[in-house]
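# Structure assessment
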Amino acid sequence: AQSVTQLDSQVPVFEEAPVELRCNYSSSVSVYLFWYVQYPNQGLQLLLKYLSGSTLVKGINGFEAEFNKSQTSFHLRKPSVHISDTAEYFCAVSGHDDYKLSFGAGTTVTVRA
Amino acid sequence: GAGVSQSPSNKVTEKGKDVELRCDPISGHTALYWYRQSLGQGLEFLIYFQGNSAPDKSGLPSDRFSAERTGGSVSTLTIQRTQQEDSAVYLCASSPRQGEAPLHFGNGTRLTVT
């Protein structure tokens, strides 16, 4: 089984500043890693995923994440945020050939002008 | 539409009533999932469909919960004799291939049991 810890429940940030959302996972098997975003009153939208290959993954809306196997981390970053990035962000993990996602508790990002 | 569609978007029901939640996955997607999102519990897996069969129902919280999928497409999640603790957002997701983690989520049905 896998589990995910998102280290920050709330992240306030000013517009055009960088943001990093931290995610650590635990697993006894090789994993796939995901970041989803949920805007108010909407479902989850996939931002990016790591399946294999390059450990630096680029996603939509200017987000990127880096898989660090030794630190069992998959932190999400954006160099310059916009007001429209205000949302809840979920890190998730699954085992290879496993359809079940284990989600973190989520990080609420609030971008202020 | 191009995405996963869920209906209704909101449902308010009285305790003890039955409810049906509907999910239309992306056309051609083999895999379909139901998740529940509630305060204090986060996102929980409920059930996974591979075509019309459900090889994994392990996340259904009680026998009051059931789901079916017909024609390899539409799925219905039914909750019988609803309880207040069933109040949550129920999310449906689909993926093009079986055995793959959910890639596309619907906007969810917000269920409130009074």
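For the structure given in this document, a descriptive report is provided here. (Residues numbered from 1 in each chain as written. Chains lettered and ligands numbered in written order. Predicted model: local features only at pLDDT ≥ 70, side-chain atom pairs only at ≥ 80, totals over all residues. Heavy atoms only, no water.)

### Points about the pattern of salt bridges
Residues and elements named next belong to chain A. According to the stated counting rule, one finds nine salt bridges over all chains in the structure shown. Across the pair D8 and R22 runs a salt bridge whose closest N-O atoms are separated by 2.9 Å. Separated by 14 residues along the polypeptide, D8 in the loop between β1 (3–6) and β2 (10–14) and R22 in the loop between β3 (19–21) and β4 (23–26) bring together distant segments of the chain. The exposure class of R22 is partly exposed, given its relative accessible area of 34%. Through salt bridges with shared partners, a single ionic network connects E20, E66 and R77. (Salt bridge = Lys/Arg side-chain N within 4 Å of Asp/Glu carboxyl O. Helix = DSSP H or I, 4+ residues; strand = E, 2+ residues; numbered from the N terminus. Buried < 20%, exposed > 50% of the residue type's maximum accessible area, 1.4 Å probe, protein only.)

### Quick word on unusual backbone geometry
Omega for the bond connecting B:S7 with B:P8 falls within 30 degrees of zero, at -10 degrees, which places this linkage in the cis form. Inspection of the secondary structure assignment puts B:P8 in the loop between β1 (5–7) and β2 (10–13). For A:E16, which is not a glycine, the phi torsion comes out positive at approximately 75 degrees. Topologically, A:E16 is positioned in the loop between β2 and β3. On the accessibility criterion, A:E16 (59% relative accessible area) is exposed. Residue A:N41 is not a glycine yet carries a positive backbone phi of 60 degrees.

### Section: the interface of chain A and chain B
Opposite the 17 residues of chain A that make contact, chain B presents 18 residues. Around 1,400 Å² of area is buried between chain A and chain B when both sides are counted, 59% of it from carbon and sulfur atoms. Across the contact surface, chain A and chain B share one salt bridge. Counting across the interface, chain A meets chain B through five residue pairs in polar contact (both at pLDDT 80 or more). Of the residues contributing to the side of chain A that touches chain B, the split by class is eight nonpolar, five polar and four charged. (Contact = heavy atoms within 4.5 Å. Buried area = accessible area lost by both parts, 1.4 Å probe. Polar contact = N/O pair within 3.5 Å; in protein donor to acceptor, adjacent residues only side chain to side chain. Nonpolar A, V, L, I, M, F, W, Y, C, P; charged D, E, K, R; others polar.)

### A closer look at the side chain of B:S95
Note that B:S95 resides in strand β9 (residues 88–95). Excluding residues that lie within four positions of it along the chain, B:S95 makes contacts with B:H29, B:T30, B:A31, B:Y33, B:E100, B:A101, B:P102 and B:L103.

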